[in-house]
Amino acid sequence: MPSSAMKKSIWALVIAAVIAVAVVVCLPILASTQIVRDSVAQQLSAWSGYRVRLDDAPQIRVWPSFSAVLNDVVLSDWNDDGAAAVMEAERVEVDLSALAALRGKVVFTKIRLVRPVLRLDDTDGVMRVPSIPNWGRLAQSVEVARELLAADPAAPDKSALPSDSFATVEVEDGRVITLSGANRPPLLSGFTGTFNWPALNRAATLSARGIWHGESITVDASTEEPLLLLAGGKTALSLSVKSAPLTLSFKGEADLVGGAFVNGTLESSAPSLQRVLEWTLLEDWPGSTIKPAKLRSTIIGDAKRIKFETAEFSLGDSNATGVFDVAFTDPRPTISGTLAFNALDLGTLLKTLAPEPDAPTQAAAAPWAHGLNFDLRLSATQATAGSVSMTDVAATAQVRDGLVSLDISDATAFGGVLQLGIRLDNVEGRDHAELRIAAENIDGGLMGEKLHFTAFMPKAKGSFSVFLKGHGETLNQILETSDGSISASFGKGSIVGLNLETFREHNDKGSFFPLQDIADGELAIEGADLKATLAGGIAWIDTAEARLTTGEKITIGGLVPFAGRGIALSGSILPPEAPSGGETATEEDSPAQGPRETFFVGGSWNAPFIAPFLIE
């Protein structure tokens, strides 16, 4: 005979089996007659606050889990009859609590949206949900959190937050479009992800991926207090964005409602800054490829201004530290601040602010010049501009309402001090450019070597200044319309590319000859000066003279047009000046003799020729 304990165990197993059978038998009946038909759509509406319409009868599944399949689900605003639905889904699969169903209640454990479409309103260029109901259970819970924040913003009573269970939400192959997007590509497509929020007073996580602007993007986010975050409170937030053009992560605290607020650490990197700009701005970025970029910084701010403190920034091989902020108070966001570089590529910087056009028909204006403003103070231990190297550089880079300027207020280059200013603007649809250069005590030979312009460049210490302004879409057009001035003064040294003895041999013959024939020498000088005026793309030589160590003087005058690259100059070689004092000058040394040689230089820049005027 079995013991009484054994009998009780057998009866318990029998009762459990009967209950299990009853559950399996009753669930489809209860679900089909009471829960699904009447309650599932009501609960979806109760949570979301939207009107939920099912265009097809729901299907019930008992195995392997108790669930309902809803086809052609539409969510719309209760007050907008005839308006486009806020969201539609081809299918919604809802996992339900079996025990709650036996009690006649509907409790969601998981909601899976298959191929949903979310519509956003893009009025005034701001994407937002067309209408957010204020009566749904989620909206009311957010309102409770908002009241707790109003009572004590610094330390709201978290124990008073609603603790309702919230289902895990999964999305498969979703799209986000605009209300006016009938002929526009989706804002987001291929959206697949999971939003896990066990209860309203617990932490939430999001893991999703999709296609944005033609690139696959993965987003992971988590927050400890999602209800406070939705209510406008500051709470811990972790965010990670990964894509081929850009990776970005943020960890800190945030408030994403109203004026918004962020305070934390931001890290980002991009293989090509140019690709990031093209991806985010949806427009081609002309010119050469902009180098890889990285940023790590502590950020703090709101919707009006975000400040980047202790920022570490790199662009290509250039690394910088400093402080800058982004202001959104004007129609064009403004980036301003101070950055100190160990090494700075000024060519890359200028291309970033104003890329070169790919074709002559393209304007040189930068997309950022139309969409962003810059006001940056820059310094660099070392800097390069093509083949030119500089040290101890102090510069300002500005973009203001389409005006682009780069000013180097101080730099050491070619053994002396260099200042440079570039301004690019567009006035009434016409591109304008301005260039200013001032150099003091520079080594002319070193400068000619670095610029690959050794011919006729004095190998001597000297100073020069250049002011040039013109209009056009390319450098050639700007030069061919330029106005301005050029002046230079050099001390004792030599001029490469001039053989005076060979010149006199050719000149004595009385026939013209190419300049190349006398370019194999180096002319010793005591000094050289140049002054020229630019007007309409033509350089008029006001003064150009070289004082030779022999006491003779070479003077040149005329014009050099940029258009056509021609030359039209006349020159003279003057004898040494008569000795001063009471000595009597010989007939050979008398200034009355006039020029010893007079000549003409013409032709093109690439192949000039010399023709004698007069041989005394």
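What you are looking at is a predicted structure, and each value in this text was computed from that prediction instead of being measured.

The rules behind the values
Residues numbered from 1 in each chain as written. Predicted model: local features only at pLDDT ≥ 70, side-chain atom pairs only at ≥ 80, totals over all residues. Heavy atoms only, no water. Helix = DSSP H or I, 4+ residues; strand = E, 2+ residues; numbered from the N terminus. Buried < 20%, exposed > 50% of the residue type's maximum accessible area, 1.4 Å probe, protein only. Contact = heavy atoms within 4.5 Å. Salt bridge = Lys/Arg side-chain N within 4 Å of Asp/Glu carboxyl O. Phe/Tyr/Trp six-rings, centres within 6.5 Å; stacked < 30°, edge-to-face > 60°. Core = buried A, V, L, I, M, F, W, Y, C linked by side-chain atoms within 4.5 Å. Pairing = 2+ DSSP bridges.

Asker: Lay out the overall build of the chain with the relevant residues and their values.
Answerer: What the chain contains, in helices and strands, is 10 helices and 32 strands. Out of the 616 residues belonging to the chain, those deemed buried represent 39%. Long-range pairs, those at least 24 residues apart, make up 49% of the contacts in the chain between residues at least 6 apart in sequence.

Asker: Talk me through the pattern of salt bridges; I want residue IDs and the actual numbers.
Answerer: With the rule as written, the count across this model stands at 20 salt bridges. Salt-bridge contacts for Arg-547 lead to Asp-529; the nearest nitrogen and oxygen are separated by 2.6 Å. Highlighted residues: Arg-547 in strand 28 (residues 538-548) and Asp-529 in strand 27 (residues 522-535), separated in sequence by 18 residues. On the accessibility criterion, Arg-547 (28% relative accessible area) is partly exposed. Exposure remark for Asp-529: the relative accessible area of 24% places this residue in the partly exposed category. Salt bridges linked by common partners bring Arg-91, Glu-93, Lys-110, Arg-112, Glu-170 and Glu-172 together as one network.

Asker: So what's going on with helix 10 (residues 500-509)? Residues and values would help.
Answerer: Where helix 10 is concerned, the buried positions are Leu-500, Thr-502, Phe-503, Arg-504, His-506 and Asn-507. Two residues or fewer past helix 10, Gly-510 is found with a positive phi of approximately 80°.

Asker: Go over the packing of aromatic side chains, please, and point to the residues and values.
Answerer: Summed over the entire model, instances satisfying the criterion amount to 11 aromatic pairs. Ring centres 5.2 Å apart and planes at 80° place the aromatic pair Trp-47 and Phe-166 in the edge-to-face group. One end of the pair, Trp-47, is in helix 1 (residues 4-48); the other, Phe-166, is in the loop between helix 3 (137-151) and strand 6 (168-178), with 119 residues separating them in the sequence. Both residues of the pair, Trp-47 and Phe-166, count as buried. Measuring from ring centre to ring centre gives 5.7 Å for Phe-512 and Phe-609, while their planes differ by 65°; the resulting arrangement is edge-to-face. Highlighted residues: Phe-512 in the loop between helix 10 and strand 26 (513-514) and Phe-609 in strand 32 (residues 608-615), separated in sequence by 97 residues. With relative accessibility at 60%, the residue Phe-512 sits in the exposed group. The partly exposed category is assigned to Phe-609, whose relative accessible area is 30%.

Asker: With reference to specific residues and values, describe the nonpolar core.
Answerer: Counting 48 residues, the largest nonpolar core has Phe-308, Leu-344, Leu-378, Met-390, Val-393 and Phe-464 as its most contacted members. Excluding residues within four positions of it along the chain, Phe-464 makes contact with Ile-437, Ala-438, Ala-439, Ile-442, Met-447, Ser-487 and Ala-488. Of all hydrophobic cores here, the second largest spans 29 residues; its members include Ile-495, Phe-513, Ile-518 and Phe-599.

Asker: Describe the side chain of Glu-215, naming the residues involved and giving the relevant values.
Answerer: Here Glu-215 is to be found in strand 9 (residues 215-223). Judged by its relative accessible area of 18%, Glu-215 falls in the buried class. Beyond its immediate chain neighbours, meaning those up to four positions away, Glu-215 contacts Gly-210, Ala-244, Pro-245, Arg-275 and Trp-279.

Asker: Before we move on, can you summarise the pairing of strand 5 (residues 108-120) with the specific residues and values?
Answerer: Sheet analysis places strand 4 (residues 87-96) next to strand 5, joined by nine bridges and oriented antiparallel. Bridge pairing in strand 5 places Met-87 opposite Leu-118. Note that strand 5 and strand 6 share nine bridges and pair parallel. What sits directly across from Leu-113, in strand 6, is Val-171.

Asker: Could you give me a rundown of helix 5 (residues 273-281), with the residues and numbers involved?
Answerer: Those residues of helix 5 that fall on the buried side of the exposure criterion are Leu-273, Gln-274, Val-276, Leu-277 and Trp-279. Positive backbone phi, at 55°, marks Leu-282, one or two positions downstream of helix 5.

Asker: Tell me about the pairing of strand 25 (residues 493-496), residues and numbers included.
Answerer: Examined bridge by bridge, strand 22 (residues 458-459) and strand 25 share two bridges and lie antiparallel to one another. Looking at strand 25, one finds that Pro-458 is bridged to Ile-495. Bridge count between strand 25 and strand 27: four bridges; the pairing is antiparallel. Counted as the bridge partner of Ile-495 is Leu-523 from strand 27.

Asker: Explain the environment of Gly-521 to me, using residue names and the numbers behind them.
Answerer: Tracing the sequence through the fold places Gly-521 in the loop between strand 26 and strand 27. Take Gly-521: its relative accessible area is 18%, and that puts it in the buried class. A sequence separation of 24 residues divides Gly-521 from Gly-497, and the C-alpha atoms of the two residues are 5.5 Å apart. Leave out the neighbours within four places in its chain, and Gly-521 touches Ile-495, Val-496, Gly-497, Leu-498 and Asn-499.

Asker: Break down unusual backbone geometry for me, citing the residues and quoting the values.
Answerer: Of note, the phi angle at Arg-115 is positive, near 50°, even though the residue is not glycine. Topologically, Arg-115 is positioned in strand 5. Residue class for Arg-115 comes out partly exposed when judged on its relative accessible area of 31%. The backbone phi angle of Arg-565 is positive, close to 55°, even though this residue is not glycine. Looking at the secondary structure, you find Arg-565 in the loop between strand 29 (553-561) and strand 30 (566-574). Arg-565 sits in the partly exposed class, given a relative accessible area of 23%.

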